[in-house]
Amino acid sequence: MKRKIIEEISDAELNLFNKKLRKLKSFKGSGTELISLYIPYGTDRSSVMSQLINERSQSSNIKDPNTRKNVQGALKKIINLLKQIDFNIPKNGLAIFCGNISKQEGKSNIKLFTVVPIKRLETKLYWCDSEFNLEPLEEMGKPTEIYGILVMDKNEATIALLKGKKYEIVGKFRSNVAGKIRAGGQSAKRFEHLREEAEYNFYKKIAEAMNKALVPYIDKIKGIIIAGPGMTKETFLEKELLDYRLKEKILGTVSTAYTDEYGVKETIERSKDLLKHTEIIREKEIVNEFMKHVIKTGLATYGEKETIEALELGKVAVLLLSEKLNKTANYFECPHCGHKETVITNENEEVQLNCKKCGSAMELVEEKDYIELLMEKAKVVGAQTRIISTETEEGEKFWKIFGGIGAILRFK
Ligand SMILES: [Zn+2]
């Protein structure tokens, strides 16, 4: 069976990506003045630059003076950014969103946001509208958690992968156990032995198929559910034939009436609570581990300053960030001397800055979600990031007591 490529996206990345899309979606331009620019990896630099310059000269025909000013301002910012990054487009491509997001009539507040797609971007697009065009990205943000499902009894087994709400059958077979008919002259004992042997071989076949289908995605698989009618699934598990890496991911067993594709559907239907429960458990576990280290071992830190310091020293094993952390990293650059500065503000807080070196008004080049900035820092030092909701008591505590930012450390 042909295996589809399953993308390597962490929960934290997906979470942040969707948060960014929601934010971009909330902006409305008063005219056709919000620009979306999609640049796939490998796009020719001069084709993009000449298109932008062409758009800029055409924008002088825009009748409404505010819209004209905003479109021209946005194009200038985009061109600046591309020059600044020297057209180094990430492997997945780059999406740039720029325009006036001020809600006050006549006032302009032109902001630029970049999004690195979580999957490879194929669409090249320049779009100017009263809202940002997010279509090529929205599909990417759909959930990609993977669960393994095995539905089985003594006669039939079906293996499926569940990605978001879709499942894919990756293995399907029948045994010949039931078909074994006692041959004339064969002793009952001998027959029983053969039957058991056939049963064991069937379990072995299932386990091998499970290992083959699931082990390659082991890092992305969040859990495995074993389902089927009766006790066969329990007997199968007792034989311990599965790869140890798969065993660790078994969430539990579910009873179903069928062992074919219907059985897979039944399993998904009946596992909802089990899966939701798992998410909650995972979150509780990581926050509890963090708190245990705070109290007992000292192998944890919290607070913005302390956590960033630990990150920069390469001490962080797991970075914990509350999804309530609504801050923005503002990247400034001096148009005269090129001096750069990053200022962290609360979301939607406006900030103006004068250059420390030459005193000129600095230009806001780009805005980033603070969580993204921290995740990038974590990635550099090989730390894992976990985004913590406030849906659990532990998550709520993490936000209220620890300020929503902390880390489990590798060393003190
Ligand atoms: Zn300066």
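Residues numbered from 1 in each chain as written. Predicted model: local features only at pLDDT ≥ 70, side-chain atom pairs only at ≥ 80, totals over all residues. Heavy atoms only, no water.

Attention now goes to the pairing of strand β11 (residues 316–322). For β11, a buried count of six out of seven residues is recorded, marking the element as mostly surrounded by other parts of the structure. Where β11 lies against strand β16 (residues 405–409), five bridges are found, and the strand directions are antiparallel. From the neighbouring strand, Leu320 faces β16, where its bridge partner is Gly406. By the bridge criterion, five bridges tie β11 to strand β15 (residues 384–388) in an arrangement that is parallel. Following the sheet pairing, Ser322 is matched in β15 by Ile388. (Buried < 20%, exposed > 50% of the residue type's maximum accessible area, 1.4 Å probe, protein only. Helix = DSSP H or I, 4+ residues; strand = E, 2+ residues; numbered from the N terminus. Pairing = 2+ DSSP bridges.)

Within the secondary structure, Asp153 sits in the loop between β5 (146–152) and β6 (156–163). Overall, Asp153 belongs to the buried group, its relative accessible area being 16%. Placed 80 residues apart in sequence, Asp153 and Lys233 show a C-alpha to C-alpha distance of 6.6 Å. Every residue in contact with Asp153, bar those within four places of it in the chain, is listed here: Phe202, Pro229, Thr232 and Thr259. A distance of 2.9 Å separates a polar side-chain atom of Asp153 from the backbone nitrogen of Asn155. Polar side-chain contacts of Asp153 include one of 3.0 Å to the backbone nitrogen of Glu156. (Contact = heavy atoms within 4.5 Å. Polar contact = N/O pair within 3.5 Å; in protein donor to acceptor, adjacent residues only side chain to side chain.)

The subject of this paragraph is unusual backbone geometry. Despite not being glycine, Asp86 has its phi angle at roughly 55°, a positive value. Residue placement: Asp86 occurs in the loop between α3 (65–84) and β2 (94–100). By relative accessible area, which is 47% here, Asp86 ends up partly exposed. The phi dihedral of Phe87 is positive, around 55°, even though this residue is not glycine. Following the sequence through the fold, Phe87 ends up in the loop between α3 and β2.

This brings us to the coordination of the zinc ion. The protein atoms that coordinate the zinc ion are Cys334 (SG), Cys337 (SG), Cys355 (SG) and Cys358 (SG), at distances spanning 2.3 Å. What the four donor atoms of the zinc ion show is an angle range of 101 to 122° at the metal, which sorts the shape as tetrahedral. Each donor residue of the zinc ion lies on one chain, and together they are spaced C-x2-C-x17-C-x2-C. Here Cys334 is found in the loop between β12 (327–333) and β13 (340–346), whereas its partner Cys355 is found in the loop between β13 and β14 (363–369), with 21 residues between them in sequence. (Donors = N, O, S within 2.8 Å, 3.2 Å for Na, K, Ca; no water. Tetrahedral: all angles 85-135°; square planar, octahedral: opposite > 155°, others 65-115°.)

Turning our eyes to something else, we now look at the packing of helix α9 (residues 304–312) against helix α10 (residues 370–380). The contact between α9 and α10 brings their axes to 9 Å, and the two run at 30°. When the axis of α9 is compared with that of α10, the two are roughly parallel. Judged by the twist between their axes, the crossing of α9 over α10 is left-handed. In contact with Glu304, Ile308, Leu311 and Glu312 of α9, α10 contributes Tyr370, Leu374, Lys377 and Ala378. For the contact of α9 with α10, the residue count by class is five nonpolar, no polar and three charged. (Axes fitted to C-alpha atoms, helices over the stretch in contact; angles between N-to-C directions. Parallel < 35°, antiparallel > 145°, perpendicular 65-115°, else oblique. Left-handed = near helix turned anticlockwise from the far one by under 90°. Nonpolar A, V, L, I, M, F, W, Y, C, P; charged D, E, K, R; others polar.)

The subject of this paragraph is the sheet that holds β5. An order of β7-β6-β5-β8-β9 is seen for the five strands of this open sheet, with the pairing classed as mixed. The sheet is open, and its two edges are formed by β7 (166–174) and β9 (250–255), each paired on a single side. Taking the axes of each pair of neighbouring strands and ignoring which way they run, one obtains an average angle of 20° across the sheet. Against the sheet, helix α8 (residues 261–297) makes contact with β5, β6, β7, β8 (221–228) and β9, and its axis sits at roughly 135° relative to β5, the strand it touches most.

As a further point, take the domain arrangement of the protein chain. The domain boundaries assigned to the protein chain delineate domain 1 (11–141), domain 2 (146–278) and domain 3 (298–409). Using only C-alpha atoms to locate each centre, domain 1 and domain 2 end up separated by 49 Å. (Domains from an automatic or database assignment.)

Once that is clear, we can look at the pairing of β5. Burial analysis of β5 places seven of its seven residues in the buried class, the great majority of the element. Here β5 shows no split at all, with Ile146, Gly148, Leu150 and Met152 on one side and Tyr147, Ile149 and Val151 on the other all buried. Pairing of β5 with β6 involves seven bridges; the strand directions are antiparallel. Bridged to Met152 within β6 is Ala157. Counting the residues that bridge the hairpin from β5 to β6 gives three residues.

Applying the stated criterion to the full structure yields 22 salt bridges. In this structure, Glu240 engages Lys247 in a salt bridge whose closest nitrogen and oxygen atoms are separated by 3.6 Å. Residue Glu240 is classed as exposed on the basis of its relative accessible area of 53%. Arg245 is the salt-bridge partner of Asp243, the closest N and O atoms lying 2.9 Å from each other. You can call Arg245 partly exposed: its relative accessible area is 31%. When salt bridges with common partners are traced through the structure, they connect Glu156, Lys172 and Arg174 into a single cluster. (Salt bridge = Lys/Arg side-chain N within 4 Å of Asp/Glu carboxyl O.)

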